[in-house]
Amino acid sequence: MRRAAQYGMLAGGIAAVVTLGVVGTVTVRQGSEARVAHPDAYPVTAGISGCGRGWSDPAAGTQTFDVTNTSIAGMEVYLESVASGDVYLDLEALGAGSTTRGRAIIPAGRYRFVCLPADEDPIAGPTVTVTGVRRVADATPGIPPVTENDLIPASKQYGAWIESRLPVLQADVDALADDVASGDLGKAKADWLTGHLEYESLGAAYGAFGDADEAINGMPASGRTALDDPGLTGFHKLEALLWSGAPAAEIAPFADRLSADVAGLRANFPNVRIDPLDIGLRAHEILENALQFELTGAADAGSHTNLATVDANLNGSAEALAPLRGILKPRYPQLAKTEASIAAAQQLVESYRAADGTWTPLQSLTTAQREALDARIDATVELLAPVAAICDVRRAAS
Amino acid sequence: MSPQRGADAERPAAGLGRRGFLHGLVGAGVAAPLAAAAAVAPAAATPASAPSSSTSSPPGTPASTPSADAPAYPFHGAHQAGILTPAQRNGTFVAFDLTASSRAELTELMKTITERARFLTAGGLPAEVGIAAPPPDSGVLGPRVPSDGLTVTVSLGASVFDDRYGLAGLKPHRLRTMEDFPNDALDRAACDGDVLLQLCAHHPDTITHALRDIAKATRGGMQVRWRKDGFVSPPRPSGTPRNLMGFKDGTSSPALAEPSAPDRLVWTHAGGPEPRWVEGGSYHVVRVIRMLVEFWDRVSLHEQENMIGRRRDSGAPLTGTREHDDPRYETDPTGDVIQMDAHIRLANNRSPQQAEQQMLRRSYNYDSGVDTNGNLDNGLVFACFNQDLERQFVTVQKRLIDEPLADYISPTGGGYFFALPGVRHQADWFASGLLA
């Protein structure tokens, strides 16, 4: 099905579909999960004319579709409930002429396919009545698709929160620079931690702040340490210098540079904005980062404050999740459990903060303590993973 | 179940041995102790559905070249699969520490493991979650998960029976933390654990897939403590598979040849000092035994064969001609042929007294990279199942202390566990007798 064959295929494809459809509906398979009278797979068309043809006489349970894009451009296809608009299946990026398989496990009800050609209005297919039981085991959850319009308020809210924290971050790093300038390296360490935790709560995981993040919170290049990497600036360079006993004069240029880089982030932030496409990713990516770089100790450049960073990351996860609550509430049954899991993780992590504000080094934890912590964060990030899937931006079906 | 491989390795124990001087002779017994292999036949195969490939194999023979759609081993039964089941080609041993914070969470965890194991061992289509979550299955095995001879065997360590879950009074009588035997060099970070999963299948990707699936479903409840992957070699050229010392390992399996043997040697029974719930379970010993293969390969064949007690090429006891010949120790009472401290002779002298000490061996070779000096890390994940840990494994292991072979091997990890009774039906779950 490459391009040359496209036009021919259109007609030929439909003919084939019809034929298969006939054969399919009378096929009876012996496989354990195959149902009597269900075809192995319904051949379904997705086209400008003829959206959702080929799905006939279905009974509740597993539906398998071989969906063919009979148009001449890219297509997205939903399977939705006619009454609620809840989506059970989303086949994205279906190229012209291509066929792909999708499955859904659905109870009795009225459903239809919706074809969403690139740059054209959605086309609803015929309503299909699924007969049989109203409850099926392991049913595919149907949820309303989340659109860009749904996400704009959430991303604005999240962006506004970050923006409100940037002056605090600026004050923190300015204080750090002042400490270094005045030669008070003890106070500099305390202010370094305050500033670093502020930054780590902002959700800068995975390049969210672009080059600014690299300058502010970059990690040493492969084969280098934070101390000897000549290209490294930012929190981890300062951490390496402060905790290795470097003289103030050597540290000062990096402290000033950090102040300047944070100022640059502030200046640019209104233009950076939080892309609605990204907001759903944040909540779990912040903790993915924590798992990979903090709970392994990899990001430690001498301060042994990984646990403090994890705590800040949990704050950041909660802040990224909060603006999505309204969207998630009707779509994610585990939302409350997710929020409780973040809170429980935070409580556990904070049990390693002493009354004087110092943190137990990760390296001092016993195996059992690390296992308990890893388990808690692992469980939390599993619960956060569906948030990104649910908040993946989709087109409205109508 | 090819139980054998490990033989030598396994038992080595004690150490010091001096290498040298053992001249002796012959024997081959390494494997002998366990006999296990035979057992297979009865039990493992039991379920009619045992995968074809293996069932018909002679004891000690690994499941051979199964096709991708080999039938599934039945998950439900009085005993777990993966014990009498003929050893599939690939296996992994993964120990976890529990992080479940209560008995209720532990129960939930066991139900989750049950549910995943039930699905994975049967195979089928994963759940469909539409647009509500990432795909629940890793896709490693394609859209339809094949059973591929997968078995998931769940065992508990002694630490489960501490004060965390209120189970102290229900500990299997013989279960304890594995001791350091005199020749051991155990790294405790690679020993013990609350829960041991033994996953075996015809292909390695099936094991990887199953472990990922179970780990994903149980996050929060347990964390991996250590892991060792192994494989069963194909027969070279025939008979019992070889271990990485080049010897056939697991040849001898007399006791399990009869159908009633597992009841005497493998399955633990309730009653006496044993709590009720243990009925149908088994003491599961895992010993990760490194073989110092560079050293071994510098040893003369004569000395190698004397330490083991068998011919390297044929696997025959030095007193015999063919692999399965009886060593006939009565004809060699002073060890002129098979030296008295040859591995197979120490492990099982074929006396009536030692018959009840035979265990069901189910070991896997491993090849895990290199050490800091560039030497290969080859060895054996010796695994065995015992009705009574003390009477069987421990007794035999103590006899092997300072055997000549001990110089060439180094036990580094593993632990003592108790393989749970089987999940009997659709509504049952692992450890239900313990936790319900």
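Please refer to the structure higher up on the page.
Worth saying up front: this structure is predicted, and the values here are computed from it rather than measured. (Residues numbered from 1 in each chain as written. Chains lettered and ligands numbered in written order. Predicted model: local features only at pLDDT ≥ 70, side-chain atom pairs only at ≥ 80, totals over all residues.)

K.L.:
Tell me about the overall build of chain B, and please be specific about residues and values.
P.N.:
Across its full length, chain B carries twelve helices and nine strands. When the 436 residues of chain B are sorted by exposure, 60% land in the buried category. Within chain B, residue pairs in contact and separated by at least 24 positions form 81% of the contacts whose partners lie at least 6 positions apart. (Helix = DSSP H or I, 4+ residues; strand = E, 2+ residues; numbered from the N terminus. Buried ≥ 20, exposed ≤ 12 C-beta atoms within 10 Å, placed from the backbone. Contact = placed C-beta atoms within 7 Å.)

K.L.:
Could you give an account of helix 5 (residues 235-243) of chain A, naming the residues involved and the relevant values?
P.N.:
All names here are of chain A. Along helix 5, eight of the nine residues are buried, which leaves the element largely enclosed by surrounding structure. If you check which residues of helix 5 are buried, you get Phe235, His236, Lys237, Leu238, Glu239, Ala240, Leu241 and Leu242. One or two residues past the end of helix 5 sits Gly245, with phi positive at roughly 85 degrees.

K.L.:
Please give an account of the sheet that holds strand 5 (residues 99-106) of chain A that cites residues and values.
P.N.:
Residue and element names in this part refer to chain A. In spatial order, the strands read 1-2-5; together these three strands make up an open sheet with mixed pairing. Of all the strands in the sheet, just strand 1 (42-46) and strand 5 have a single pairing partner and so form its edges. Neighbour to neighbour, the strand axes of the sheet diverge by 35 degrees on average, direction disregarded. Pairing analysis gives eight bridges linking strand 2 (residues 61-69) to strand 5, with the strands arranged antiparallel. Bridging across to strand 5, Phe65 finds its partner in Gly102. (Pairing = 2+ DSSP bridges. Axes fitted to C-alpha atoms, helices over the stretch in contact; angles between N-to-C directions.)

K.L.:
Which residues make up the environment of His173 of chain B, and what values do they have?
P.N.:
Tracing the backbone shows His173 of chain B in the loop between strand 2 (151-157) and strand 3 (195-201). Each C-alpha atom, one on His173 of chain B and one on Asp388 of chain B, is 9.1 Å from the other, the two residues being 215 residues apart in sequence.

K.L.:
Describe the pairing of strand 3 (residues 75-81) of chain A, listing the residues and the values that go with them.
P.N.:
Residues and elements named next belong to chain A. Burial runs high along strand 3: five of the seven residues are buried. Examined bridge by bridge, strand 3 and strand 4 (residues 87-94) share five bridges and lie antiparallel to one another. Within strand 4, the residue paired with Leu79 across the bridge is Leu89. Counting the residues between successive antiparallel strands, the hairpin from strand 3 to strand 4 contains five residues, one of them, Gly85, with a positive phi of roughly 75 degrees. Two strands pair when backbone bridges link them, and strand 3 and strand 6 (residues 109-117) are joined in this way by seven bridges, in the antiparallel orientation. Its bridge partner being in strand 6, Glu76 is matched across the sheet by Leu116.

K.L.:
Residues and numbers for the packing of helix 7 (residues 276-294) of chain A against helix 8 (residues 306-321) of chain A, please.
P.N.:
All names here are of chain A. One way to put it is that helix 7 packs onto helix 8 with a least axis distance of 8 Å and a crossing angle of 170 degrees. Relative to helix 8, helix 7 is oriented roughly antiparallel. Between helix 7, through Arg282, Ala283, Ile286, Leu287, Asn289, Ala290 and Glu294, and helix 8, the contact on the second element is made entirely by Asn306, Thr309, Val310, Asn313, Gly316, Ser317, Ala320 and Leu321. Looking at the contact of helix 7 with helix 8 residue by residue, the class counts come to seven nonpolar, six polar and two charged. (Parallel < 35°, antiparallel > 145°, perpendicular 65-115°, else oblique. Nonpolar A, V, L, I, M, F, W, Y, C, P; charged D, E, K, R; others polar.)

K.L.:
Just give me the short version of helix 7 of chain A, but keep the residues and values in it.
P.N.:
Residue and element names in this part refer to chain A. With 19 residues, helix 7 should reach 27 Å at 1.5 Å per residue; the first-to-last C-alpha distance of 27 Å fits that figure. Along its length, helix 7 shows its largest kink, about 50 degrees, at Arg282. In terms of burial, helix 7 is a largely internal element, 14 of the 19 residues being buried. (Expected span 1.5 Å × (residues − 1). Bend = angle between axes of the 7 residues up to and from the residue.)

K.L.:
How would you summarise the interface of chain B and chain A if you had to cite specific residues and measurements?
P.N.:
Facing 16 residues of chain B, the contacting portion of chain A comprises 28 residues. Split into classes, the residues belonging to the side of chain B that touches chain A amount to seven nonpolar, five polar and four charged.

K.L.:
Let's hear about the pairing of strand 2 of chain B: which residues, and what values?
P.N.:
All names here are of chain B. Strand 2 sits mainly inside the fold: seven of its seven residues count as buried. A two-sided burial pattern is seen for strand 2, the buried positions comprising Thr151, Thr153, Ser155 and Gly157 on one face and Val152, Val154 and Leu156 on the other. Judged from the six bridges that link them, strand 2 and strand 3 form a sheet pairing that is antiparallel. Residue pairing across strands places Leu156 opposite Val195, the latter belonging to strand 3. One ladder, built from three bridges, connects strand 2 with strand 9 (residues 409-419); its direction is antiparallel. Considered in strand 9, the bridge of Leu156 is made with Phe418.

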